[in-house]
Amino acid sequence: AQRVTQPEKLLSVFKGAPVELKCNYSYSGSPELFWYVQYSRQRLQLLLRHISRESIKGFTADLNKGETSFHLKKPFAQEEDSAMYYCALLYGGATNKLIFGTGTLLAVQP
Amino acid sequence: NAGVTQTPKFQVLKTGQSMTLQCAQDMNHNSMYWYRQDPGMGLRLIYYSASEGTTDKGEVPNGYNVSRLNKREFSLRLESAAPSQTSVYFCASRGYSGSHYNEQFFGPGTRLTVL
């Protein structure tokens, strides 16, 4: 069965430090992975998707099929990056369902 | 465009009461979803609707029912609320929309407390 694992509930870093939020997945098919972000008291919004290979707000994520990972990285954290981050895997064929990890709260200290 | 809207924003129920959470989207999307968000558990899919007139169970459907009233609206009903249903409920929609391929758009959430 499909599964998404985010091992860290909380990641606390200082402003300017590098950030890596870990995500591992288990899926028998060809994976399509996403990172969603939820700022305080706001709705979830898509941060980036692996197929786009883009950088959004300085964040990047590379799909590593060998390690079944999709870690989110940013070289220099900003205070405004503080939020809850969810890794998600698309499954279910045409039904296009998402399964989410349990989330990592990123706290960037000044 | 308002995107995905949800009502109410907050609700307190007593055990055994019923209520319906409303969701609407104005993006002409085919697929709609209901999730619940609980601390330490992330978001879990309750029900989804791949298109108007169809609904299917997700990971945690017990205690809930849904109605896809039309293409815009997808409601979630709790027939007899239980404290275990205390959660934040999110509605989402998905459709082919330019560059937003396979992106789900989320509503602001409904914070439900069952006493």
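Residues numbered from 1 in each chain as written. Chains lettered and ligands numbered in written order. Predicted model: local features only at pLDDT ≥ 70, side-chain atom pairs only at ≥ 80, totals over all residues. Heavy atoms only, no water.

A. Focus on the interface of chain A and chain B. Taken together, the contacts link 20 residues of chain A with 22 residues of chain B. Buried surface at the junction of chain A and chain B, summed over both partners, amounts to about 1800 Å²; 51% is from carbon and sulfur atoms. One salt bridge connects B:E103 with A:R49, and the closest N-O pair in it is separated by 3.3 Å. Inspection of the region where chain A meets chain B yields eight residue pairs in polar contact (both at pLDDT 80 or more). With four residues, the top contributor of residues to the side of chain A that touches chain B is strand β10 (residues 97-100) of chain A. Taken together, the residues of the side of chain A that touches chain B sort by class into 11 nonpolar, five polar and four charged. (Contact = heavy atoms within 4.5 Å. Buried area = accessible area lost by both parts, 1.4 Å probe. Salt bridge = Lys/Arg side-chain N within 4 Å of Asp/Glu carboxyl O. Polar contact = N/O pair within 3.5 Å; in protein donor to acceptor, adjacent residues only side chain to side chain. Helix = DSSP H or I, 4+ residues; strand = E, 2+ residues; numbered from the N terminus. Nonpolar A, V, L, I, M, F, W, Y, C, P; charged D, E, K, R; others polar.)

B. Here's a closer look at the state of the cysteines. Under the counting rule described, the total for this entry stands at two disulfides over all chains. Shown here is the disulfide that connects A:C23 with A:C87, its sulfur atoms set 2.0 Å apart. With the S-S dihedral at roughly -65°, the linkage between A:C23 and A:C87 falls on the left-handed side. Here the residue A:C23 occupies a position in the loop between β3 (19-21) and β4 (24-26), and A:C87 occupies one in strand β9 (residues 83-91), the gap between them amounting to 64 residues. Assigned by exposure class, A:C23 and A:C87 land together as buried. Disulfide partner of B:C23: B:C91, at an S-S distance of 1.9 Å. (Disulfide = S-S within 2.5 Å. Buried < 20%, exposed > 50% of the residue type's maximum accessible area, 1.4 Å probe, protein only.)

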